[in-house]
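Architecture at a glance
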Amino acid sequence: MSKGIFITATGTGIGKTVITAGLALALRDVGFDVGILKPVQSGHALDSPESDGMILKELAQITAPIEKIVTYSFPEPVAPQLAAEIAEVEIDRMRILQHVEELKARHDVVLVEGAGGLMVPIRHDYSVADLAKEIGWPLLIIAHPLLGTVNHTVLTTLVARQMGLHPMGVILNGLRETDEDPSVAHNSRFIEQMAQIPVLGTVPWLGEDVTSQNVRQAMIQNVNMTALIQSIN
Ligand SMILES: Nc1ncnc2c1ncn2[C@@H]1O[C@H](COP(=O)(O)OP(=O)(O)O)[C@@H](O)[C@H]1O
Ligand SMILES: [Mg+2]
């Protein structure tokens, strides 16, 4: 049976793309055929090497053409609804859901990277959370590892549940060796205590050169992949 994960974050630039790619590589390692979908991206041309779709394609080593990874792409570096308004395009949720179905038919596991966080508008009547709800898969929340993350992560988890989503876990991403923050050692515990959600791991900052090899290794070494796989089964 096809399964999937919807990857969201507590905000933009937190590491959804990097973690989605790392997850794809780590899942492929244990035998899953993994597909990736970025339903709406903005800020770059579809085939720009800096676009989420192209980064996902390169890092996760996906051979399918970029059109099979990204449904909607807008050049303006703003939230999807505004980017679509500027491009004078009406986003059709059925087109995204159809794309999900195509990937489901082709792969064992599909990873969907949201845009920004849950309360990001895709249309006037439709948010990222609404899309995640329609797709129906468990929600993986990416958050930063430093002071403030307990609040951001607990808020995201509680709103997700309020909207009928099923948050499966949290990955804290981007911890630097130079980070001097006494909360770091305790943030996972407080997130778990406050939101009753497992923190599956903390992924270190990989420096300026994020590669397939180092992101894959970072996932395997720092994320409880067994628990993650169990919660999508
Ligand atoms: N663990 C990490 N190590 C090094 N760079 C990272 C890491 N996580 C994210 N980055 C970098 O931070 C930026 C934002 O990450 P990205 O995955 O694009 O976030 P999002 O998809 O949530 O907007 C990118 O430049 C990315 O390469
Ligand atoms: Mg991204």
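Here the structure is a predicted model, which means the values were calculated and not measured.

Focus: the UniProt feature "active site" (unreviewed entry) in the protein chain
The feature "active site" (unreviewed entry), as annotated in UniProt, sits at Lys 38 in this numbering. In this structure, Lys 38 sits in strand E2 (residues 34-42). For Lys 38, a relative accessible area of 3% puts it in the buried group. Residues contacting Lys 38, with those up to four places away along its chain left out, are Asp 52, Leu 56, Ile 69, Val 70, Thr 71, Glu 113, Gly 114 and Ala 115.

Considering the site of ligand 1
Near ligand 1 there are 13 residues, and of these Gly 13, Lys 16, Thr 17, Asn 173 and Leu 206 occur at the shortest range. Between ligand 1 and Gly 13, the relevant distance is 2.9 Å, taken from an oxygen atom to a main-chain nitrogen or oxygen of the residue. Within the contact set of ligand 1, an oxygen atom lies 3.2 Å away from a side-chain nitrogen or oxygen of Glu 113. If ligand 1 stood free it would expose 550 Å²; the protein chains cover 76% of that surface. In terms of residue count, the dominant contributor to the shell around ligand 1 is helix H1 (residues 16-29) (three residues). When its residues are assigned to classes, the shell around ligand 1 shows six nonpolar, five polar and two charged.

Some words on the coordination of the magnesium ion (ligand 2)
Distances from the magnesium ion (ligand 2) to its protein donors, namely Thr 17 (OG1), Asp 52 (OD) and Glu 113 (OE), fall within the range 2.1 Å. All donors of the magnesium ion (ligand 2) belong to a single chain; written as a sequence motif, their spacing is T-x34-D-x60-E. Here Asp 52 lies in helix H2 (residues 52-59) and Thr 17 lies in helix H1, a separation of 35 residues in the sequence. Looking at Thr 17, the relative accessible area reads 11%, which means it is buried.

Criteria and thresholds
- Residues numbered from 1 in each chain as written.
- Chains lettered and ligands numbered in written order.
- Predicted model: local features only at pLDDT ≥ 70, side-chain atom pairs only at ≥ 80, totals over all residues.
- Heavy atoms only, no water.
- UniProt positions renumbered as here; feature names shortened; annotations may be inferred.
- Helix = DSSP H or I, 4+ residues; strand = E, 2+ residues; numbered from the N terminus.
- Buried < 20%, exposed > 50% of the residue type's maximum accessible area, 1.4 Å probe, protein only.
- Contact = heavy atoms within 4.5 Å.
- Near = heavy atom within 4 Å.
- Polar contact = N/O pair within 3.5 Å; in protein donor to acceptor, adjacent residues only side chain to side chain.
- Areas by Shrake-Rupley, 256 points an atom, 1.4 Å probe, with all protein chains shown as cover.
- Nonpolar A, V, L, I, M, F, W, Y, C, P; charged D, E, K, R; others polar.
- Donors = N, O, S within 2.8 Å, 3.2 Å for Na, K, Ca; no water.

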